[in-house]
Amino acid sequence: MKKVIMGNHALSYGAMLARTQVIAAYPITPQTQVVELLSEMCADGTLNAKFIKVESEHSAMAACIGASIAGARTFTATSSQGLALMHEMLHWAAGGRLPIVMGNINRAMAPGWTIWTDQNDSLSQRDTGWLQFYCSSNQEVLDTVLQAYKISETISIPSMVVLDAFALSHTYEVVDIPDQALVDEYLPKFKPYATVTPDDPRAFDGLTGPEHYMELRYKLQKDMEKVPALFEETGRQYEKIFGRRLSAVEPYLCDDAEIVLVTSGTAGYTARVAVEEMRKKGLKVGNLRIKMFRPFPFEDCRRILAKTPKIAVLDRNISYGHHGIFSQELKSALYGTGNQAVFAFIAGLGGRDITADSFREMIETVSRTDRPTEDILWIGVKR
Amino acid sequence: MKKEKKMTLTLPIEEHIGAGNLACQGCGANLALRYVLKALGQRTILCIPACCWAVIDGGFPHSCADVPIYHCAFETAASTATGVKAGLDMIGDKETTVMAWAGDGGTFDIGLQALSGAAERNDDIIYACYDNEAYMNTGIQRSSATPSGAWTTTTPVKFPKDQPKKDIDAIMAAHNIPYLATASTSYPEDLFKKAKKAKEIRGTKFLHIYAPCPTGWKSRPEDTVKLGRMVVQNGIFPLYEVEGGEKYTQTIKVKDKKPIDDYLKLQGRFRHLKPEGIAMLQDEVDRRYARLLKKFENK
Ligand SMILES: Cc1ncc(C[n+]2csc(CCOP(=O)(O)OP(=O)(O)O)c2C)c(N)n1
Ligand SMILES: [Mg+2]
């Protein structure tokens, strides 16, 4: 069934179709519609789930953790300050290997108070052990929720499905809402690896000394490393059932490109406008959208960008005292593999518009010199 | 013929936590969980945040309990327990009791928000706080459950705690939860009955259990049981229950309330107190006890 829905509701429909059993969430702009629709679905019986209306995001994640270890499929959604408040519990969920799925709407961090988009909230959580998927359309949001459950439950690692505030969360698009029967086929009932139960009484996540801790972390990393292949496989299964392919990276006209614009989230679509325009002018420009940020798609990036002389990374985020985070990660992926010049751009912090002009400016800058003249190339900042 | 003396066991003989765990000698918290689990039985899931009991249980891969335990973050005993209960409900288990088992720090301080949230929602869990009146696991720092006058490592003798203990029971009663009870490890039958009652009631149940800590209080391990009696008989920790936030019942009546001096003398944490200081504490105890007696009248 096709429906015109907002990005936030694509998350809600995803959770509904996944037959999420326990939801614990706390409202924050621009996430509120996710939980409003889910509360309605729980109230009218469309979704048979318990919605715990917690008093904070910290408790939201704690309750998801409790429900997950009890054996239920769980969901939550948040943004920005709420995600930051959850930080301790994000480590807990991943360290405890619980396949929780969460939607996060990218909103810049205060102060000053802001509700507009950038990626510093979710990227600040990059080392918590969560999978992170940055979406660029409402259809992709819904599809990714389902795929995220599939991956998370297979490998026992939680997933974060990420959307730009407003640019995606509040934008209405046509979304194909798949049949429940097909979803059930793709995503069968949650079969937890282990649960807290009196039938097999065990103590979970207790005191762990140096003789055991490191192996637990080693295993988490080893399983993280399996995710790219698992993404590929579950993406193919998804295509078979629903006719839509899901991929960890999305290259667009990259094969012969002399300049590749690397983007994440909705900015990719804007980049394509500039790419097409440049192509018409005879300039060989391409776009690589990185959807999966954790684990970082090293192999894909190395393969796709192996012969690209110039790479322009757009970061809507910053690691203060370093660079934009996607550019750091991409540089580390390419290190020692070739002679690519990586131009690290920062734009759009706190919701400042990223337009086709921003990409035109990037392409001009990249065309002018062989190597970047500055570590960070700022777009649209008043100096 | 000489009449044989018979002893009646007032508590079930079954044990759910094993001997040889990591508790200190004379640990009240150890007794507390032992008695409570005798009442709740094996089909109980514990959510234990950071506190001494996170250690007492034994490090990975060991556990001294025959009940399942989920070790959770410090401030999340209530919210994790709520989640476990919701998860069980959704997988079709409506029988298992879910109990948050936290220290006073995890209850009065850092976990109060989550506890208040669960109580307001009336989530169907037992929240039990074993109260040893300080952060013992991290080395005896003051909590808001530490009584006035007491020494801890963050309230040194030169500047002991000068605020009274937070009245957590009044706070929880104000949430109008179906059941709340105070208990002491030295009145095991009373504690047992209250835990049993809590198990049968739906909604949020709060058990506040006084649990002496020889290590933190600088008392002798063999005085743990004695202290747990004295604290009731001198009115510092009266034993009662509150139903629906309204109906107060004193379960252990105190005939003639003793002065607090002997109780204080058994504990190094009060050693520095001068007679004036003790008099002030006595006054504080008397006033609080009188206020509570009025509540027991239920007028
Ligand atoms: C967020 C957080 N802050 C601080 C700590 C350190 N910490 C662990 S246990 C504890 C004190 C626990 O005190 P209480 O709840 O009274 O239990 P007890 O140790 O006395 O049994 C503290 C401060 C922690 N684990 N997590
Ligand atoms: Mg304590």
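Cut-off values and rules
Residues numbered from 1 in each chain as written. Chains lettered and ligands numbered in written order. Predicted model: local features only at pLDDT ≥ 70, side-chain atom pairs only at ≥ 80, totals over all residues. Heavy atoms only, no water. Helix = DSSP H or I, 4+ residues; strand = E, 2+ residues; numbered from the N terminus. Rg over C-alpha atoms; globule rule 2.2 N^0.38 Å. Buried < 20%, exposed > 50% of the residue type's maximum accessible area, 1.4 Å probe, protein only. Contact = heavy atoms within 4.5 Å. Near = heavy atom within 4 Å. Polar contact = N/O pair within 3.5 Å; in protein donor to acceptor, adjacent residues only side chain to side chain. Areas by Shrake-Rupley, 256 points an atom, 1.4 Å probe, with all protein chains shown as cover. Donors = N, O, S within 2.8 Å, 3.2 Å for Na, K, Ca; no water. Domains from an automatic or database assignment. Buried area = accessible area lost by both parts, 1.4 Å probe. Salt bridge = Lys/Arg side-chain N within 4 Å of Asp/Glu carboxyl O. Nonpolar A, V, L, I, M, F, W, Y, C, P; charged D, E, K, R; others polar. Lys, Arg positive; Asp, Glu negative; His and termini not counted.

What follows is about the overall build of chain A. Along chain A, the regular secondary structure elements total 13 helices and 16 strands. For 383 residues, the compact-globule estimate of 2.2 N^0.38 gives 21 Å, and chain A sits close to it at 21 Å. Over its C-alpha atoms, taken along the principal directions, chain A stretches across nearly 70 × 50 × 45 Å. Expressed as a percentage of the 383 residues in chain A, the buried residues total 60%. Across chain A, contacts joining residues at least 24 apart in sequence account for 80% of those joining residues at least 6 apart.

In the vicinity of ligand 1 lie 18 residues, with C52, G105, G106, Y130 and N137 of chain B positioned nearest. At the site occupied by ligand 1, nearby residues are drawn from chains A and B. A distance of 2.8 Å separates an oxygen atom of ligand 1 from a polar backbone atom of C52 of chain B. Between ligand 1 and N137 of chain B there is a distance of 2.7 Å, counted from an oxygen atom to a backbone nitrogen or oxygen. In the complex, the protein chains occlude 76% of the 580 Å² of accessible area that ligand 1 would expose alone. Per-element tally for the shell around ligand 1: the top contributor is helix α4 (residues 104–109) of chain B, with three residues.

This part takes up the coordination of the magnesium ion (ligand 2). Residue and element names in this part refer to chain B. Coordination of the magnesium ion (ligand 2) by the protein is provided by D104 (OD), N132 (OD1) and A134 (O), with metal-donor distances spanning 2.0 to 2.1 Å. Along the chain, the residues that donate to the magnesium ion (ligand 2) are spaced as D-x27-N-x1-A. With D104 in helix α4 and N132 in the loop between β4 (126–131) and α6 (168–173), the pair connects residues that are 28 residues apart, well separated along the chain.

For the rest of this paragraph, the subject is the domain arrangement of chain A. Residues and elements named next belong to chain A. Parsing chain A into structural domains produces domain 1 (2–241) and domain 2 (249–378). Computed over C-alpha atoms only, the centres of domain 1 and domain 2 are separated by 28 Å. Across the domain 1 to domain 2 interface the summed buried area is about 2,100 Å²; carbon plus sulfur atoms make up 56%. At the boundary of domain 1 with domain 2, the tally comes to three salt bridges. Residue E140 pairs with K291 through a salt bridge whose shortest N-O separation is 3.2 Å. Summed over the shared surface of domain 1 and domain 2, the result is 18 residue pairs in polar contact (both at pLDDT 80 or more). Where the side of domain 1 that touches domain 2 is concerned, the elements lending two or more residues are α6 (120–123), β6 (131–134), α7 (138–155) and α9 (210–242). Split by residue class, the side of domain 1 that touches domain 2 holds 14 nonpolar, eight polar and five charged.

Let's shift gears to the side chain of E57 of chain A. Residues and elements named next belong to chain A. Along the polypeptide, E57 turns up in helix α3 (residues 57–69). Look at E57: it is buried, it has no salt bridge, and the nearest opposite charge is R107 at 8.2 Å. Sequence-distant contacts of E57, defined by excluding residues within four places in its chain, comprise Y26, P27, I28, T78, G82, L85 and M86.

Residue A110 of chain A is joined to P111 of chain A through a cis peptide bond whose omega torsion reads -5 degrees. Note on placement: P111 of chain A falls in the loop between β5 (101–106) and α6. For the peptide bond that leads from R294 of chain A to P295 of chain A, omega is -10 degrees, which places it in the cis range. With respect to the helices and strands, P295 of chain A occurs in the loop between β13 (292–294) and α11 (298–304). Here the phi dihedral of N122 of chain B falls at roughly 55 degrees; this positive angle occurs in a residue that is not glycine. Turning to its location among the elements, N122 of chain B is positioned in the loop between α5 (112–121) and β4.

Now for the interface of chain B and chain A. Facing 37 residues of chain B, the contacting portion of chain A comprises 38 residues. Buried surface at the junction of chain B and chain A, both sides included, amounts to about 2,900 Å², of which 66% is carbon and sulfur. When the area that chain B buries against chain A is broken down by residue, the three leading residues are F60, Y70 and M90 of chain B, summing to 25%. On the surface where chain B and chain A come into contact, there are three salt bridges. The biggest single contributor to the side of chain B that touches chain A is helix α3 (residues 77–90) of chain B, with ten residues. Class assignment of the residues belonging to the side of chain B that touches chain A gives a composition of 17 nonpolar, 14 polar and six charged.

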